[in-house]
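# Structure at a glance
Take a look at the letters that make up each chain.
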Amino acid sequence: MCDEVSLDPGELLFETGEVGDSLFVIVSGEVEVVRGGSVIARLGEGECVGEMAALDWEPRSATVRSSAATHLVRLERNDLMDLLTDYPELVRSLSRVLVERIRRTG
Amino acid sequence: MIKPAVILALAAAFLSMGLVFVAKTFADTVFLAEFGVKFVPHFYVAQAAGLILSSAGYGAALKRSPAAPLDFTILLSFAATAALGPALVRAGGAPVFVLALTLTVLSTLASLAVWNAATAIVSGRKSRWFLPRAGAAATAGAVVGGFGSSAVVGALTIDALGPVIAGMALLMIGIRAMLVRRSSEWRGRLPTVRTRALAERIKRRARAATDGGPRSPHRRLVTFLAVATVVEALLTAFIDFGFKAEVSARFTDPDDIGLFFSLFYGVSNAVLLLLQLFASSRLLATRSLRFSLSLEPGALLLAGVAWAIFPVLAIGALARGLESTMKFGVARPAQEVALTPLSEVERKRWKVLLRGVYNQGGGAAAGLLLVAAAPLLGPHFIVLPIATAFTALVWLVLQQLASDRYIDTLGSALGLRKLSLRDQREEVAFIDRDGMARIVELTGSSDENVAQFGRELLITFAHDGQLLAPHVGKGPPAQRAALYRILAARPHKSCAVALRAAMAGETAADGAAAACFDALAAYGDSSQVERARRLVDGHQPDEADPPPVRWAAWTYLAQVGALDRDPGGLEQVVAAALAKDGVRAADILQAMTARGALPVVDAEQMVERAAAAEEEERRQNGLYACAALGWPRLLGKVLEAMSGREPWLDEVVAELEPAALASFLKMEEYRRAPTRVRARVLRALRSSDQPEVSELVGGELLDPDPAVRELAARTLLRRARDHGDAVPRDLAERALALQLDRFEVYVRARPGYASEARESQMEVKYRSGSAADLSAEAFFIDELERRSERSLSRLCAVLALFGNPSSVYAAERALRAPTFKRRRQALDILQEVARGRERTRLLELLELYLLPPRNVADGAREAVCEMDPWLARCARGGDDPTMKKLWALRSTLLFDDIDGELLDALAVRSAEVEAGTSEVVVAEGDPGDALFVVMSGVVTIEREGKVVAQLGSGQAFGELALVDGLPRQATVKAEKQSLFLRLPRDTFDAALAEHPEIGLGLTRGLVRWLRQGEEMPRTTESMVVRWR
């Protein structure tokens, strides 16, 4: 169901404005989220990135690049939707991630 | 009712093109009769120069003075030249050259002038109606002009055309004068310094916007179009020259030439008229630009080749006819489409440049080339057809490249770096002998993760017994056992001998022997009965915790029928298997019923009893056996259990054979099962590639439950994507038609209620906030809009299915853009990237959606209600108390993405609570256990004693707590007597478990919140600030 993605340090995962339909889960390594030229967050093992575009079809809202050798798992939108419909627990944890991000930026 | 001005304009268009072709017949004839074909290239050069100079002069003059006097001058001089025509022809020599040149150039200029005046009388959307008709009228004029002049030449002589042209030109002056009075051009004559400066500024800005630098896609697009235009002009000249050469070789009498030309123009324009009326617009609307742009070069390439093989007048005339009809019927409109990504100003500029400069420049170049190459051409001009074919080929390639640039340009308008045009379906994984050996080795690894990975790979690739056989019985025990287990699950005949040999080598010391017994049992191979008997000798089947090998020996004996003569022992083995290994028990029972050792009914009863057991492990194994046997009655049990308290069965169902899954769909229990269970089954069916499964899933599209319909559609789409032909096209289309029809009705219903009513209701909803004004009707409209939006997504999903998803999705976002222009662009993109048989219909529907609202029949709303009982309830409205709650919930951004039907589930679970003046609704630090929506009254949000926000009706607080349950971060106090809707957290969780789709809408709402937060400040407790 999902592909694996490996990034060298400094490699781009996606850029602001890009059209993307996948969510990534970080298996190992670390990525940094860059918006307006500054790093606004660092995400590590077990965290997910790119969930916003995967959920709402809008372009990527930030640039994400790896800050170390990083291994990620890619989940395409359709598969994500299937998982979310099938496993309500996943919806709950995903919404918790989103809520946490809202609280953190607010 | 068509206005007189429009009729006048159509007449002007008709006459202008008629004039051009009468003049063309006259000019071409007198020229060819006087000089033969020798000076035709010189004429091309002179004509190009004349057209460039006169167009430039005309353009420059237009900037300074009004158009009408200028046009009168042109038409008058044209009439004078034509009247002098016969006299000049008699003079012969240079005057004939001048006459032909002047007539050609002035007729082009005059027709342009009249066309401009005619089209100026309509503007905006009316021009969509007018322009195609004016084009048809002009072509009709060309037809009449062609045939009319042939009649004149046939009855009189070619000289008679001179006065005819002069007369027509005078008539044109009259019409032009009448158009002046009808149009607004006199009133618009205010080119003051201010407006001109403004126009310049707009132009500059537009240029800056479209020319993003030397390598911008716009720049590259127009570059390719320009080069293509030059090549096209070369091609036109080659064909025309070759054609005229054939004509002058065939005819000598001027009247014959005139007759031939006039008939030729008449016929070719008649064909063009038919093309314009019936084919062009349809072709452009339904095919991709790449195709439309390539059509003419492709046809001319073929004609050129045919002409080179048979160098006769008929083929030459055919090529010339193809060239003129397709140029105006297909290539020019396609070129206009290719220019659409440019801004209005840029587009006009480039149109003039392409037609006035590059086209004429190419014509002049062709003329010079032909003059230079005259000695090479020889008597039969065979070089020309070859040059034609070659040039057409070059043009074809250029047109293809230009269409690629067009796609890029469209993509850049949407912020995409590159639109992909290719199908992105991946190649099926393939594995060879060496690969298989490596995978098998992995399963023997001492690292359990690696071994697990190896086993999973092996299961994926275990469909080829030939590849597996050489590895049976080799390697370390774990590796051998892994292979045996796979062969037990998926027996391959070619492995039977290898298995028997391997069993001989297995000792009972490790687990591999047990796995080998299982595998042999799956083959029904009874060669090991003696050995198994030795192993079980002196033991009972129901002993507690036997060594794996002994247990495997028991089940082996039972399965191959060696215990049939010992019913007691057999029963014990089955009972023990049912208690500890349901799948194994299913294998044994399957084998027993197959050879008639046990009636199916008895077997069913045994398994059913086990599945109903109180003890959990026994019950689970019983259910495993039910699923593994896959008999309808037992599957019914599985469904029942899934619907009840055995959620783990979902996983089991996902592993079932497609045949068993398919039989679920035929069962009564399945109809009664909750949506979650049906979703599980449908989802599991996605991985099967059998067409008959598609038929069954197709049946689900008619289910009364909308969630099931949606799931079935998704399942079908997914299967179609992953397994291609597994879903018959007609079924996919039928399934989708269901969705599309809904869409159509919603779209038709849209203008009636949605636009205006919704606007005003939104005002009420968010600004004044008086909940009393909100009605069920408004909710209905809201819901209707949302569904039509969703249908839009579905349409795009269908397009994406048969094309390339990322480009379609990118365009889909732009389809919702606020400006019509951007939506139009998105549709253009879809036009290019979409594939599939339903493409045309889908695009039509999308276009319908994008068009400005129209008046519709009153029946649309009834139609909607008929199709959707829930919406019907909304439309009835009345005093339904849940409607108010629904509205309250919908007004929170968090639930904006949740369908009314699902929201309904939340609304019935929420309660209304009241608070008096100054009463604290929630206090800072309180547990975050509910969401509140203000239904009436006002509340203040205070943090650390300071008021940070004030909320009125329709606004919510505590949304985030609903998800994470964190303590309140602010105190909310009622300012006056207020009414709230309270949705407790645990209730919400319960609803979420029952309707997982709520969760999807919820996450989307949260994402929207996050995105808005990027631009706007707000309180963390509520999203209200965004409405300020």
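Please read these numbers as outputs of a predicted model, since none were measured by experiment.

### Concerning the overall build of chain A
A count of helices and strands for chain A gives three helices and eight strands. Listing every helix and strand of chain A by position from the N terminus yields β-β-β-β-β-β-α-β-β-α-α. Classification of the 106 residues of chain A by burial places 51% in the buried group. For chain A, restricting intrachain contacts to residue pairs at least 6 apart in sequence, the fraction spanning at least 24 positions comes to 75%. Put simply, chain A shows about 4500 Å² of open surface, and 50% of that area lies on carbon and sulfur atoms.

### What about the overall build of chain B?
A tally of regular secondary structure across chain B gives 44 helices and eight strands. Here chain B, with 1028 residues, has 53% of them falling under the buried criterion. Long-range contacts, defined here as pairs at least 24 residues apart, represent 75% of the contacts in chain B between residues at least 6 apart. When the accessible surface of chain B is summed, it comes to about 45100 Å², and 59% of that surface belongs to carbon and sulfur atoms.

### Quick word on the interface of chain B and chain A
Contact with chain B, which involves 40 residues of that partner, is made by 39 residues of chain A. Interface area for chain B against chain A, summed over the two sides, is near 3700 Å², with a carbon-plus-sulfur share of 59%. The largest per-residue losses of area from chain B upon contact with chain A belong to Arg813, Leu1010 and Arg1011 of chain B, which jointly make up 17% of the total buried on that side. Summed over the shared surface of chain B and chain A, the number is zero residue pairs in polar contact (both at pLDDT 80 or more). Here the side of chain B that touches chain A is built from residues that sort into 16 nonpolar, five polar and 19 charged.

### Observations concerning unusual backbone geometry
All names here are of chain B. For Ser918, which is not glycine, the phi dihedral falls at a positive 65 degrees. Of note, Ser918 is situated in the loop between strand 1 (911–915) and strand 2 (920–922). Unusually for a residue other than glycine, Glu944 sits at a positive phi of about 50 degrees. Along the polypeptide, Glu944 turns up in the loop between strand 4 (939–943) and strand 5 (946–951). According to the relative accessible area criterion, Glu944 is exposed, its value standing at 69%.

### Topic: helix 21 (residues 548–560) of chain B
Residue and element names in this part refer to chain B. For helix 21, spanning 13 residues, the distance from its first C-alpha to its last is 18 Å, which sits close to the expected 18 Å at 1.5 Å a residue. Taken as a whole, helix 21 has its buried residues at Val549, Arg550, Trp551, Ala552, Ala553, Trp554, Thr555, Tyr556, Leu557, Ala558, Gln559 and Val560. Elements that come into contact with the buried residues of helix 21 comprise helix 19 (512–523), helix 20 (529–536), helix 22 (567–580) and helix 23 (582–594). One or two residues past the end of helix 21 sits Gly561, with phi positive at roughly 95 degrees.

### Structural notes on the pattern of salt bridges
Oppositely charged side chains can form a pair if their charged atoms are brought close together. Residues and elements named next belong to chain B. With the rule as written, the count across this model stands at 23 salt bridges over all chains. Ionic pairing is found between Glu448 and Arg455, a salt bridge with its closest N-O pair at 2.7 Å. One salt bridge in this structure joins Arg584 and Asp587, with 3.6 Å as the shortest N-O distance. With Arg584 and Asp587 both in helix 23 and three residues apart, this pair spans about one turn of that helix. When its relative accessible area of 6% is taken as the criterion, Arg584 is described as buried. A cluster of three or more residues bridged by salt bridges with shared partners is formed by Asp28, Asp240, Lys244, Arg320, Glu323 and Lys327.

### A look at the side chain of Arg405 of chain B
Here Arg405 of chain B is to be found in helix 13 (residues 383–413). Here Arg405 of chain B is in contact with Arg220, Leu221 and Phe224 of chain B, once residues within four sequence places are set aside.

### With respect to the confidence of the model for chain B
Detailed reading of the predicted coordinates is not advisable wherever pLDDT falls low. Residue and element names in this part refer to chain B. Mean pLDDT over chain B works out to 77, with 81% of the residues at or above the 70 mark. For the stretch residues 764–772, pLDDT sits under 50, and the model shows 17 contacts to residues farther than four places along the chain or on other chains. The complex model carries a pTM of 0.55, and its ipTM stands at 0.87.

### Let's talk about the packing of helix 3 (residues 67–91) of chain B against helix 4 (residues 94–119) of chain B
Residue and element names in this part refer to chain B. Remark: helix 3 packs on helix 4, axes separated minimally by 9 Å, with the N-to-C direction vectors making an angle of 155 degrees. Taken together, the axis directions place helix 3 and helix 4 in an arrangement best described as roughly antiparallel. The way helix 3 lies across helix 4 gives a crossing that is left-handed. In this structure, helix 3 uses Asp71, Ile74, Leu75, Ser77, Phe78, Thr81, Ala82, Gly85, Leu88, Val89 and Ala91 to contact helix 4, whose residues at the interface are Pro95, Val96, Leu99, Thr102, Leu103, Leu106, Ser107, Leu109, Ala110, Ala113 and Val114. When grouped by side-chain class, the residues that make up the contact of helix 3 with helix 4 number 16 nonpolar, five polar and one charged.

### A look at the nonpolar core
Soluble globular proteins tend to bury their nonpolar side chains together. All names here are of chain B. Judged by nonpolar contacts, the single largest core of 96 residues is most densely connected at Tyr484, Tyr556, Phe664 and Val681. Apart from the residues lying within four places of it in its own chain, the contact partners of Tyr484 are Val472, Gly473, Leu499, Ala502, Glu506, Ala512, Ala515, Cys516 and Ala519. In terms of nonpolar packing, the next biggest core, distinct from the first, is built from 77 residues, Phe97, Ala118, Ile173 and Leu313 among them.

### Some words on the packing of aromatic side chains
Geometry of an aromatic ring pair is reported as the spacing of the ring centres plus the angle between the planes. All names here are of chain B. If you walk through the whole model with that rule in mind, you get 21 aromatic pairs over all chains. Relative to Phe97, the ring of Phe43 has its centre 5.9 Å away and its plane inclined at 75 degrees; by these criteria the two rings are edge-to-face. Remark: Phe97 occurs in helix 4 and Phe43 occurs in helix 2 (residues 40–64); sequence separation between them is 54 residues. Like Phe43, the residue Phe97 is buried in the burial classification.

### Digging into the sheet that holds strand 5 of chain B
Residue and element names in this part refer to chain B. Here we have four strands laid out as an open sheet, ordered 2-7-4-5, and antiparallel in their pairing. The open sheet terminates on both sides in strands that have one partner only, identified here as strand 2 and strand 5. Averaged over all pairs of adjacent strands, the angle between their axes in this sheet comes to 30 degrees, without regard to strand direction. Relative to strand 7 (residues 971–974), strand 2 is paired through two bridges, and the arrangement is antiparallel. Bridge pairing in strand 7 links Val920 to Lys973.

### Some details on the pairing of strand 7 of chain B
Strand direction decides the pairing type here: strand 4 of chain B and strand 7 of chain B, joined by four bridges, are antiparallel. By the bridge assignment for strand 7 of chain B, Val939 of chain B is matched with Ala974 of chain B.

### Digging into the environment of Gly698 of chain B
Looking at the element boundaries, Gly698 of chain B is found in helix 31 (residues 691–700). Here Gly698 of chain B falls in the buried class, since its relative accessible area comes to 11%.

### Brief notes about the pairing of strand 5 of chain B
Residues and elements named next belong to chain B. Inspection of the sheet shows strand 4 paired to strand 5 by five bridges, in the antiparallel sense. Paired with Arg943 across the strands is Lys946, a residue of strand 5. Where strand 4 hands over to strand 5, the hairpin turn is made up of two residues, of which Glu944 adopts a positive phi near 50 degrees.

### Remarks on the environment of Val607 of chain B
Summarising the element assignment, Val607 of chain B is placed in helix 24 (residues 600–611). In this structure, the C-alpha to C-alpha distance between Val607 of chain B and Leu634 of chain B, residues 27 residues apart in sequence, is 7.9 Å.

Procedures and definitions
Residues numbered from 1 in each chain as written. Chains lettered and ligands numbered in written order. Predicted model: local features only at pLDDT ≥ 70, side-chain atom pairs only at ≥ 80, totals over all residues. Heavy atoms only, no water. Helix = DSSP H or I, 4+ residues; strand = E, 2+ residues; numbered from the N terminus. Buried < 20%, exposed > 50% of the residue type's maximum accessible area, 1.4 Å probe, protein only. Contact = heavy atoms within 4.5 Å. Areas by Shrake-Rupley, 256 points an atom, 1.4 Å probe, with all protein chains shown as cover. Buried area = accessible area lost by both parts, 1.4 Å probe. Polar contact = N/O pair within 3.5 Å; in protein donor to acceptor, adjacent residues only side chain to side chain. Nonpolar A, V, L, I, M, F, W, Y, C, P; charged D, E, K, R; others polar. Expected span 1.5 Å × (residues − 1). Salt bridge = Lys/Arg side-chain N within 4 Å of Asp/Glu carboxyl O. pLDDT = per-residue confidence, 0-100. Axes fitted to C-alpha atoms, helices over the stretch in contact; angles between N-to-C directions. Parallel < 35°, antiparallel > 145°, perpendicular 65-115°, else oblique. Left-handed = near helix turned anticlockwise from the far one by under 90°. Core = buried A, V, L, I, M, F, W, Y, C linked by side-chain atoms within 4.5 Å. Phe/Tyr/Trp six-rings, centres within 6.5 Å; stacked < 30°, edge-to-face > 60°. Pairing = 2+ DSSP bridges.

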